[in-house]
Each structure stands twice: as C-alpha cells, then as structure tokens.
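Spelled out from the first residue to the last, the chains are:
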Amino acid sequence: MKTATNTGKILKLLILAAVSLLFISCRKTDEWLDIKRRKADVVPRTGVDLQALLDNNNIINNAYPVMGQVGADNFFIPDDRLNSVSLSERNAYLWKPDLLEGSTPGDFSAPNIKIMYANIVLERLDHAPDLVANQREYNNIKGQALFLRGFATYCLAQLFCKAYDPATAAADAGLQLRTISDPNQVSPRSSVQQTYDRILADLQEAAALLPVKALYTSRSSRTAAYALLAKVHLVMGNYQQALDHAELALQTENTLLDFNSDFINPSGTYRFPPFSVQNGNPEFIFYAEGISLSSTNPALGVSFAEPLLYDSYHDDDLRKTIFFRKHANGFYEPVGRYTGATPLFAGLAVNELYLIRAECRARAGDYPGAKDDLNLLLEKRYKSGTFVPLDTLDHQDVLATVLAERRKELALTGQIRWEDLRRLNRDPKFAKTLTHQSGNVSYELPPNDKRYVFPFPDLEVQISNVAQNER
C-alpha cells in the first residue's frame, strides 16, 4: 500500500504503474512518472498479452478487501495485542470516524487496480489481431474482464457505499464507476443504484460470454459469474434472483468437501493444503485471497474467536477444531482457512452457494428445501455418523438457523460477516449492536450506523473532488 507521502502521486498513477509491471522490469517509485510517459510502450497488443494480464495472479486473485472482517463481530482483539496492528486496522476495530487518518488503504486501491486491468483488456480487445478470427477466445477474455470489474466493484461497494436499500439506493452516494483505463480521468460518484446496476450488467454479460467451466479456478467462468450474481442479489434483497442464480451455479459445481477426509490436516498450521490449480479444494469456483492484515494473520496471535461464536459450534462439529486452535492465553485463534496460507479465502465456493440457496428457500417459505441444503452441508462438517438431520426443525426457526450456520461456515471467508451485518441490519429481527472493548472503554456500532461506510481516502477526495462519506 502506498500513501500520499510515500508516492507523491494519486492512486490512479499507482494503478497504471502496477499494470505496466507485466511488460517492463520493476522500477523504483520515483521512476513511475516515466512509466506514465511511456504508456504506448507497455500497451498489450495481442490476445496472448490480454490473457497474460488476466492471469497475473498477484493482481487478479490476491488482495481482495477483508477490512470489514476487523470491524465485525466474529473476532476480538485483546488490549495487549491491539497496538501491534496497523493504525487503520485499529481504527476499523474501534469504528473510529477518521478510520484512514490520511492513508490510502489497500481496500480502496487494490480493487481499483483490478478495475484498471479490466478496463485495459476491454479497450484493447478489438485491437488484438489474433482475436479477430477467434470469437470463442475473444468472448472468454472479454467475459473474464467483465467478471473482474464486477467483482472488484462489488467489493468496493461493501465498504465505501451504504448497504443497498431499494427505497434510498437512487439517492445514496455510490462509487466512482471507472470505465476507461486513463489514470488521469476524473470519475464522479454515481448513486448506489447505479453502482449495483453496473455490477449486475457486467456480471450478466460475463455469464453470457464465459465458458461454463474455466481451465483453472484462478480464472472466472460462467458458473463463477452465476455464483457472484447470487451473492450480489442476496445483499440487494432480491431473494428470488439470488435463488435462481445459485441454482444455475449449483447445476455445474455442487461438490462439498467432507471435513472428515484426508484433504484436511486437523493439526496443520492452516488445516487446509495450500492452493494449487491442479489439486484444489473441490468447493472452489473462483479462487481469491484477501489482503494480508495483522489482525487476520493467525501466525501473529492477534485476534481470537468471539466466545459466543466459538461456543455455538457443537462438539461433534469438525469446524470447531479445524477453524480454531486454542492459544496459550486460553482463547481460540482462527487458523483454518481455505487458502492453506496466511490470507483469508475471499473467492467463491460451493459451500456459500448452498447457504445462499438455503436462505432464499427459507425466505420463500420452502422450509423443507432450506433444511435439505443445511443437511447436505452439515453432514460434511460433523464427525462421521454424528450429525442428526434438521428434519424436525420448526418452520419459524429455519431462517435463523440458516443465518447462524452461515456465520459459522463462512466465519473465515473474506468479509462476509461484515456484508451480512450490513444487509441484516435492515431487518429488526436480525439487527445487532456490536461492541468492542479497549481498556476501560466500550465502543459500540449500532445497526445502520454511518460508520458501516468507510471514508474515501483524503487524497482521492482532494484530487477527484468527490463528496466524502459521512462518518
């Protein structure tokens, strides 16, 4: 992450510099202006170049925002650890109004870099001679770029926009919707409605262009586009559309990992094996990793499972020991992660799809269908032979059970809990006031508080002259 002091340049220049690193050797920060002047020398010219951009795993599959996880309620940071995290993480944990204090966080810059990549690809498609006579590859590359732009825009919206509310979305301030790669182009803020319209349009077009399955899970596919559409419609409250897209994705990808299998090492550092495109988790639909933060790094022993969350796992639930490890201080560290490494998994996977479908079925009154989805998932999460199906669960308890299992299953996935808190706060039955303690001070985040929206970096506000989010 580069701050204004370190770079002396706005975020857009950082984005252009990151793109050009694919085509030229690494340069020092003070040489990045030269990169901008030499833009013509680094423009991708062929379909091979464009696919190379989209196969740059350091950009496309890494550094997805997870700062919302720090401000959610799955984990807590004891006082003796709070000063060991970055200033922005500490401010996010305590919901400070001036969260960034002049910095430009990776949660803002990294998705914008992905959008920059996507726009470069989209601009150069019609100038790649090897794609002229290869419509299938043209469609595939275009679909990947649209998926990337849609996913990155979605991630930004979960931090820098208000939660989607159909009653206010047309008036609420949205994102800067960047459609061209020129780093000097100033983009005004859209509305929240326009932001989500763009996300949906990009993903719908991507679904029409992409192959059903990709060669690697590090690339997007039609199934990934359907899965992401299900996720987007869920946060928008479009439950029928979320259900429809979850079912479309599950038609192709529906294998759940059995937590009893040898694929998992219950005593390993991260429990799951490191990601490999040849031998990955069968649940992966699109592989992505979150930004590495001190507060989410299990090797640093900074954050621990919120006790009520940890106690909510049944003793026969393997997630209790696979996701968590007892620390010397008596608390439980969140260690098990699908990446098999330090970062949190931030991509798309089958387990989330089953939970999306279960929630939508429950909201539509299809309680047997919702319980079927929960039973399919939980049978793979409990010790063999110990899970008792939820067939006798009362109808009025089904939705609450789905949401509880969603929290437990996806506790270490991206910043899903933050996204869920934002959307569920609109329903008084599920709205929740969060509390974090530091010293003798108790900090609270009430439902629908302005601090559920992160501020734009000061430099972006100054340069682009966009309205700042209220905190």
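Analysis parameters
- Residues numbered from 1 in each chain as written.
- Predicted model: local features only at pLDDT ≥ 70, side-chain atom pairs only at ≥ 80, totals over all residues.
- Heavy atoms only, no water.
- Helix = DSSP H or I, 4+ residues; strand = E, 2+ residues; numbered from the N terminus.
- Rg over C-alpha atoms; globule rule 2.2 N^0.38 Å.
- Buried < 20%, exposed > 50% of the residue type's maximum accessible area, 1.4 Å probe, protein only.
- Areas by Shrake-Rupley, 256 points an atom, 1.4 Å probe, with all protein chains shown as cover.
- Lys, Arg positive; Asp, Glu negative; His and termini not counted.
- Charge placed at Lys NZ, Arg CZ, Asp CG, Glu CD.
- Contact = heavy atoms within 4.5 Å.
- Core = buried A, V, L, I, M, F, W, Y, C linked by side-chain atoms within 4.5 Å.
- Polar contact = N/O pair within 3.5 Å; in protein donor to acceptor, adjacent residues only side chain to side chain.
- Salt bridge = Lys/Arg side-chain N within 4 Å of Asp/Glu carboxyl O.
- Axes fitted to C-alpha atoms, helices over the stretch in contact; angles between N-to-C directions.
- Parallel < 35°, antiparallel > 145°, perpendicular 65-115°, else oblique.
- Left-handed = near helix turned anticlockwise from the far one by under 90°.
- Nonpolar A, V, L, I, M, F, W, Y, C, P; charged D, E, K, R; others polar.
- Disulfide = S-S within 2.5 Å.

Asks: Describe in detail the overall build of the protein, supporting the description with residues and values.
Replies: Scanning the protein for helices and strands turns up 21 helices and ten strands. Whereas a compact globule of 471 residues would reach a radius of gyration of roughly 23 Å, the protein reaches 22 Å, a difference of no more than 12%. A buried classification covers 57% of the 471 residues belonging to the protein. If you sum the accessible surface of the protein, you get close to 18800 Å²; carbon and sulfur atoms cover 50% of it. Separation of charge centres in the protein, based on 51 positive and 55 negative side chains, amounts to 4 Å.

Asks: Which residues make up the environment of proline 266, and what values do they have?
Replies: Within the secondary structure, proline 266 is located in the loop between α14 (239–250) and β4 (284–286). Sequence separation between proline 266 and arginine 325 is 59 residues; the distance between their C-alpha atoms is 9.7 Å. The contacts of proline 266, once residues within four sequence positions are left out, are Arg271 and Thr321.

Asks: How would you summarise the nonpolar core if you had to cite specific residues and measurements?
Replies: Core analysis: the largest hydrophobic core is formed by 136 residues, its most contacted members being Phe147, Tyr196, Val232, Phe259 and Phe286. Residue contributions to this core peak at 14 residues, all from helix α11 (residues 135–160). Setting aside anything within four residues of it in sequence, one finds phenylalanine 259 in contact with Ile264, Phe272, Leu318, Arg319, Ile322, Phe323, Tyr338, Lys380 and Arg381.

Asks: Can you explain helix α20 (residues 416–424)? Please cite residues and give values.
Replies: Of all nine residues in α20, nine are buried, a share of seventy percent or more. Three or more residues of α20 are buried, namely Ile416, Arg417, Trp418, Glu419, Asp420, Leu421, Arg422, Arg423 and Leu424.

Asks: Residues and numbers for the side chain of serine 221, please.
Replies: Inspection of the secondary structure assignment puts serine 221 in the loop between α12 (192–209) and α13 (222–236). At 3.1 Å, the side chain of serine 221 forms a polar contact with the backbone nitrogen of alanine 224.

Asks: Any details on the pattern of salt bridges? Residues and values, ideally.
Replies: What the rule picks out here adds up to 33 salt bridges. Of the charged contacts in the structure, one is a salt bridge between glutamate 205 and lysine 142, with a shortest N-O distance of 3.2 Å. Pair noted here: glutamate 205 is in helix α12 and lysine 142 is in helix α11, with a separation of 63 residues, a long-range link. Looking at lysine 142, the relative accessible area reads 22%, which means it is partly exposed. In the salt-bridge network here, residues are joined through shared partners; they are Glu283, Asp317, Arg319, Arg381, Glu405, Lys408 and Glu409.

Asks: Give me the packing of helix α17 (residues 350–363) against helix α18 (residues 367–379): which residues, what numbers.
Replies: Put simply, α17 and α18 touch, their axes get as near as 7 Å, and they point 160° apart. Here α17 is positioned roughly antiparallel relative to α18, judged by the angle of their axes. Crossing handedness for the pair α17 and α18: left-handed. Note on element contacts: α18 touches α17 through Tyr367, Gly369, Ala370, Asp373, Leu374, Leu376 and Leu377, opposite Asn351, Tyr354, Leu355, Arg357, Ala358, Arg361 and Ala362. Each residue belonging to the contact of α17 with α18 can be placed in one class, and the counts come to nine nonpolar, two polar and three charged.

Asks: Can you tell me about the side chain of lysine 320, naming the residues and giving the values?
Replies: Here lysine 320 lies in helix α16 (residues 319–322). Residue classification places lysine 320 among the buried positions, given a relative accessible area of 11%. Of the polar contacts made by the side chain of lysine 320, one reaches the backbone oxygen of tyrosine 313; its length is 3.2 Å. Reaching out from lysine 320, the side chain makes a polar contact with the side chain of aspartate 315 at a distance of 3.0 Å. When sequence neighbours within four positions are dropped, the list of residues in contact with lysine 320 reads Tyr310, Tyr313, His314 and Asp315.

Asks: Mind laying out the packing of α18 against helix α19 (residues 395–409), listing which residues take part and the relevant values?
Replies: As a packed pair, α18 and α19 sit with axes 10 Å apart at the nearest point and diverge in direction by 30°. Between α18 and α19, the crossing angle belongs to the class labelled roughly parallel. At the point where α18 passes α19, the crossing takes the left-handed sense. Across from Tyr367, Ala370, Lys371, Leu374, Leu377 and Leu378 in α18, the residues of α19 making contact are His395, Val398, Thr401, Val402, Glu405 and Glu409. Class assignment for the residues of the contact of α18 with α19 results in seven nonpolar, two polar and three charged.

Asks: An account of the state of the cysteines is requested, with residue identities and associated values reported.
Replies: Counted according to the given criterion, the structure contains zero disulfides. Free of any disulfide, cysteine 161 has its nearest neighbouring cysteine sulfur in cysteine 155, separated by 12 Å. On the basis of relative accessibility, which here comes to 1%, the residue cysteine 161 falls in the buried class. Here cysteine 360 is not disulfide-linked; the sulfur of cysteine 155 is the nearest cysteine sulfur, at 19 Å. Judged by relative accessible area, cysteine 360 falls into the buried class, the value being 2%.

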